[in-house]
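Residue-level structural notes
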Amino acid sequence: MFSNFLKSALRNIFRHKTYVIINILGLAVGFACSLLIFLFVIHELSFDKFNEKYDRIYRLYLVGKMGETEFTGAWTAAPTARTFVEEFPEVETAVRMQRWDEALIRIDDRKFIESDIALADSGFFDMFSLKLLEGDPQRALAQPHAVVLTASTAKKYFNEQEAVGQHLRIGNDSVLFTITGVMEDVPENSHFEFDLLISFLTHPRANDDFWLSNSFSTYLLLRKDANAETLESKLPVIIEKYIGPQVEKSLGMDLQAFADAGNRYGMFIQPLSDIHLNTDIVADFKRSSDRKYIYIFSGIAFIILIVAGINYMNLSTARSARRSREVGLRKVVGSSKGMLIWQFLLESILLTILSTILAILLVELLLPLFNTMLQINLKVGYFSRWYVIPGLLLLTVFIGLLSGSYPAWFLASFTPVKVLYGKLKVGLSNTIVRSILVIFQFFFSIALIITSMIIYKQINYMLNKDMGFDKEQLMVIRRADALQKKIISFKDEIKKIPDVISITNSTTVPGYPNNNNGYQIEGRSAEQLFMMWTNWVDYDYFDTYKIKLTDGRNFSREFPSDTAAMIINEEAARRFALDDAFNTRFIQPGYTNEEKAYLNILGVSGNFHYQSLQIKIEPHVFMLKPEKWDWAGYLTIRVGNENMDKTIAMIENTWRSFTGDEPFQYFFMDQEFDKFYKEEKRTAKIALAFSFLAIFIACLGLFGLTSFATEQRAREISLRKVLGSTAKSIVLLFTREISILITIATVPAWVISYFFLKNWLQNFSYHIAISPWEFILATVLVLLIALLTVSYRTYRAALVNPAEVLKYE
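Residues numbered from 1 in each chain as written. Predicted model: local features only at pLDDT ≥ 70, side-chain atom pairs only at ≥ 80, totals over all residues. Heavy atoms only, no water.

Some words on the overall build of the chain
When helices and strands are counted, the chain shows 25 helices and 24 strands. Within the chain, the fraction of its 809 residues that count as buried is 53%. Contacts in the chain between residues at least 24 apart in sequence constitute 80% of all its contacts with a sequence separation of at least 6. Carbon and sulfur atoms form 57% of the exposed surface of the chain, whose accessible area is close to 37,000 Å². (Helix = DSSP H or I, 4+ residues; strand = E, 2+ residues; numbered from the N terminus. Buried < 20%, exposed > 50% of the residue type's maximum accessible area, 1.4 Å probe, protein only. Contact = heavy atoms within 4.5 Å. Areas by Shrake-Rupley, 256 points an atom, 1.4 Å probe, with all protein chains shown as cover.)

And the structure:
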């Protein structure tokens, strides 16, 4: 019996080529788009799941408020890991990690620049499921100046030679590092990344007992029977026992006074599963993805599938007039309604299977382009992942049943008497359900285009907004420490290059803040702490970055006392209510009262964006960088826009004359800031690309519907032409119907898009205002595409000679 069903289904599917092509193409494009998005979503949700102890690993983070500044970050002090193992029986082991800055690696006379370097405690390989291919996992990181290489790095350094036991030099460290192991490469779906893993004991603060400097990530591996909530409830004990006494010694107040002043300081634990998709907690290593984009992409995939499914429903019901006699005859010869429903559902599933095959071919064709667009490396893994093939089969059957359910019920409900006597009335204009489905298609299409336009407009706003400093033509040299004590001499030589406008040295540059310090204000309560991002700069910093001073003066060599002074930004003056800034002194706390520094305010700079526009402008302070400091930081050069290649070459030659053959590494500030909006750009590209694909699918279905409608109304069109109607008036008759449906779809699309986008824009501290023009333009665009689709098919039908249609009447 099933074989008969199958033969009949195949016969009916291929009876009408236009119907088959439109349906298969529409469903295939929908499947392919959805599959690509699902691959991306699965990739994002799979982060860190390669760890066998995935559900037992937690990361510590701090939540606090000091003065007017609130913070949430995965930063902890050096003694945290050791103390947690000693204090809490729930903790099996603890591992500290820190990302190292870019460094020069020397192996004999060979040099390599590595940007992905991390430090970790010896328990790393016990906690995380990363296999050590060579070496002892218990001892590989147990000694200072031990380093483990990833397999690809070991191959790069030593080719096929034995790596373990070899030595290398990192940065300017005078002590050689010993390679104690080779590990598998860190998976792409890990929240941390590194090519070299250094023993944490190498860090000069590894054995520090100071709790008020939080610079490290601390991971906890809980015992199998441990309860995470119970452990978290005990964490205030650590603050009272260890942090409290040091706060009192450093700031002269106990924790109660600290809290009474409006400050707070709490320690919490974060599951490993929450790290990659939680942007609220600032941390080292990879930037977290925003969970909301997972919802957005999943929604787009769902919408594409719905639009493709609606196509099938509409085209199937539109064909009902052609198949009505078949249904009537089948019922007359004994077919039940149930048998007919199964027949039509089988046709739907078979059609969906063909669409899935075409979709897989499209995915293989489009995946490289999709990876390039998203800057990731997605793979389908049909056989390497157990759930891919079953998932595709289930999705195929599900979509087949879902898309075919209404048409199957609709067709099987025909009454034989009405069908065989020609009394059945069906058509595009008379079918309310089909009109509702068309409205849904264009509702989704309009909403997607509006969303894409607003996202692109916001990104363009972020890329072009006045940052408060001039980021164009700023060349930033990394690793200024390679110059050692010759920074001033190097600057003097660079200034002699014709197209160099100015040069400055600072411990940090926009986009890379690295010191958020607490200060007190003389004359105010000692319990009040004022947090400010701190940058140590030279005399040329404000001129090079073109940051304007709104009050006061710049640092000057004519005033030796400027070494004990500071410049703050307007936000610091506003937030800390400094009405008389130049008669205010800040106090930089030390570990003892003797180490405190008193700093006068020289000037107030205009506010500027030190990070992306997603982050509010915070209080900033600038102090003169001591010339004898080992912390070199960055060199920023403002260059002219002529002879750029020649200027860069001259700068590089000067660099090499000062550093020997040290690698010359630099970036341009404007390009670096563009990278901060990678996720938003990615979202905009996906939304825009798939919104037009949704329109394509919808118009594909509309083309099919119009084709069937013109066939069913061929007699009406011919009679109208005989009675004097022109082709133009007939086209207008059909386009008026679709215009009404799109107008109806516009209202909910506008409303829902507005509220969604209003909520999305709240994620940015600085954003555009939503204007009506994008809404109008999206609707007009969809309307034009739909009208062109309908007009083309209707116009061709209107050109048919009436005599050909009416000759048998």
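More follows now that the structure is in view.
With respect to the confidence of the model for the chain
Detailed conclusions should not be drawn from predicted coordinates in areas where pLDDT is low. Averaged over every residue, the pLDDT of the chain is 81; the share at 70 or more is 86%. Within the model, the stretch residues 426–430 combines pLDDT values under 50 with 14 contacts to residues more than four positions away or in other chains. (pLDDT = per-residue confidence, 0-100.)

What about the packing of helix H16 (residues 487–494) against helix H19 (residues 644–659)?
Two quantities define a packed helix pair, namely the angle between the axes and the distance from one axis to the other. Between H16 and H19, whose axes approach to 10 Å, the crossing angle comes to 150°. If you check the angle between H16 and H19, you find them roughly antiparallel. Taken as a pair, H16 and H19 cross one another with a handedness that is right-handed. Together, Ser-489, Phe-490, Glu-493 and Ile-494 of H16 and Ile-651, Thr-654, Trp-655 and Phe-658 of H19 make up the contact between the two elements. Here the residues of the contact of H16 with H19 sort into 5 nonpolar, 2 polar and 1 charged. (Axes fitted to C-alpha atoms, helices over the stretch in contact; angles between N-to-C directions. Parallel < 35°, antiparallel > 145°, perpendicular 65-115°, else oblique. Left-handed = near helix turned anticlockwise from the far one by under 90°. Nonpolar A, V, L, I, M, F, W, Y, C, P; charged D, E, K, R; others polar.)

Describing the nonpolar core
Grouped together as the largest cluster of nonpolar side chains are 108 residues, with contacts concentrated most on Phe-297, Ile-300, Phe-442, Phe-469, Tyr-545, Phe-555 and Met-669. The greatest single-element share of this core, amounting to 15 residues, is contributed by helix H15 (residues 432–464). Beyond its immediate chain neighbours, meaning those up to four positions away, Phe-442 contacts Ala-698, Leu-702, Ile-738, Ile-742, Ala-745, Val-782 and Ala-786. Core analysis: the second largest hydrophobic core is formed by 30 residues, Phe-84, Leu-222, Ile-238 and Ala-257 among them. (Core = buried A, V, L, I, M, F, W, Y, C linked by side-chain atoms within 4.5 Å.)

A short note on the packing of helix H3 (residues 80–87) against helix H7 (residues 236–251)
Relative to each other, H3 and H7 sit at 125°, their axes nearing to 12 Å. Classified by the interaxial angle, the pair formed by H3 and H7 is oblique. In this structure, H3 crosses over H7, and the sense of that crossing is right-handed. On H7, the residues touching Thr-83, Phe-84 and Glu-87 of H3 are Ile-238, Lys-241 and Tyr-242. Here the contact of H3 with H7 is composed, by residue class, of 3 nonpolar, 1 polar and 2 charged.

As for H19
Between its first and last C-alpha atoms H19 spans 22 Å; for 16 residues at 1.5 Å apiece the expected length is 22 Å, and the two agree. Within the sequence span of H19, burial applies to Thr-647, Ile-648, Ile-651, Thr-654, Trp-655, Phe-658 and Thr-659. On an axial view of H19, the arc spanned by its buried residues comes to 125°, and they lie on one face. Looking at H19, the residues exposed on the side facing more than 90 degrees away from the buried face are Asp-645, Lys-646, Asn-653 and Ser-657. Of the surrounding elements, those touching the buried residues of H19 are strand S14 (474–477), H16, strand S15 (500–506), strand S23 (634–639) and strand S24 (666–668). (Expected span 1.5 Å × (residues − 1). Arc of directions from axis to C-beta.)

Considerations on the packing of aromatic side chains
In the structure shown here, the tally under the stated rule is 37 aromatic pairs. Judged by centre distance (4.6 Å) and plane angle (40°), the rings of Phe-112 and Tyr-157 are tilted. On the criterion of sequence distance, the pair formed by Phe-112 in strand S5 (residues 110–114) and Tyr-157 in helix H5 (residues 151–158) is long-range, its members being 45 residues apart. Just as Phe-112 is buried, Tyr-157 falls in that class too. Each member of the aromatic cluster is reached from another via a ring pair, and the members are Phe-469, Tyr-541, Phe-542, Tyr-545, Phe-608, Tyr-610, Phe-622 and Phe-673. The ring of Tyr-766 carries the charged tip of Lys-465 above its face, separated from the ring centre by 5.4 Å. Directly above the aromatic system of Phe-559 lies the positively charged group of Arg-553, at a separation of 4.1 Å from the ring centroid. (Phe/Tyr/Trp six-rings, centres within 6.5 Å; stacked < 30°, edge-to-face > 60°. Lys NZ or Arg CZ within 6 Å of the ring centre and 35° of its normal.)

Details of the pattern of salt bridges
One pass over the structure, following the stated rule, counts 24 salt bridges. In this structure, Arg-291 engages Asp-274 in a salt bridge whose closest nitrogen and oxygen atoms are separated by 3.0 Å. With Arg-291 in helix H10 (residues 291–318) and Asp-274 in helix H9 (residues 272–275), this pair connects stretches of sequence that are 17 residues apart. A relative accessible area of 30% places Arg-291 in the partly exposed class. With a shortest N-O distance of 2.8 Å, Glu-522 and Arg-585 are connected by a salt bridge. (Salt bridge = Lys/Arg side-chain N within 4 Å of Asp/Glu carboxyl O.)

Considering unusual backbone geometry
Backbone geometry at His-145 places phi at a positive 60°, although glycine is not the residue there. With respect to the helices and strands, the residue His-145 is situated in the loop between strand S7 (132–134) and strand S8 (146–150). Judged by relative accessible area, which is 18%, His-145 ranks as buried.

Structural notes on the side chain of Thr-352
Relative to the helices and strands, Thr-352 is located in helix H12 (residues 337–374). For Thr-352, the residues in contact, after removing those within four places along its chain, are Leu-27, Phe-31, Thr-396, Ile-399 and Gly-400.

Remarks on a nonpolar patch on the surface
A grouping of Val-747, Trp-750, Val-751, Ile-752, Tyr-754, Phe-755, Trp-773, Ile-776, Val-780 and Leu-784 is seen on the molecular surface, where their side chains present a nonpolar patch of about 980 Å² in accessible area. When contributions to the nonpolar patch are tallied by element, the ones reaching two or more residues are helix H23 (727–761) and helix H24 (772–798). The biggest single contributor to the nonpolar patch is H23, with 6 residues. Counting through the fold element by element, Ile-752 comes out in helix H23. (Patch = residues over 30% accessible without salt bridge, like charges linked within 9 Å, V, L, I, M, F, W, Y side chains within 5 Å.)

Some remarks on the side chain of Ser-753
Mapping Ser-753 onto the fold places it in helix H23. Under the relative-accessibility criterion, Ser-753 is labelled buried at 3%. Beyond its immediate sequence surroundings of up to four residues, Ser-753 is in contact with Ala-447, Ile-450 and Phe-775.

A closer look at the environment of Ala-565
Here Ala-565 shows up in strand S19 (residues 565–569). A relative accessible area of 3% means that Ala-565 is categorised as buried. Apart from the residues lying within four places of it in its own chain, the contact partners of Ala-565 are Phe-555, Leu-599, Asn-600, Leu-602, Phe-622 and Met-623.

Some thoughts on the environment of Phe-664
With respect to the helices and strands, Phe-664 occurs in the loop between H19 and S24. When neighbours within four sequence positions are excluded, Phe-664 is seen to be in contact with Met-475, Ile-477, Ile-648, Ile-651, Glu-652, Trp-655 and Arg-656.

Describing the environment of Ala-259
Assignment of secondary structure puts Ala-259 in helix H8 (residues 255–260). With 193 residues separating them in the primary sequence, Ala-259 and Met-66 have C-alpha atoms 9.4 Å apart.

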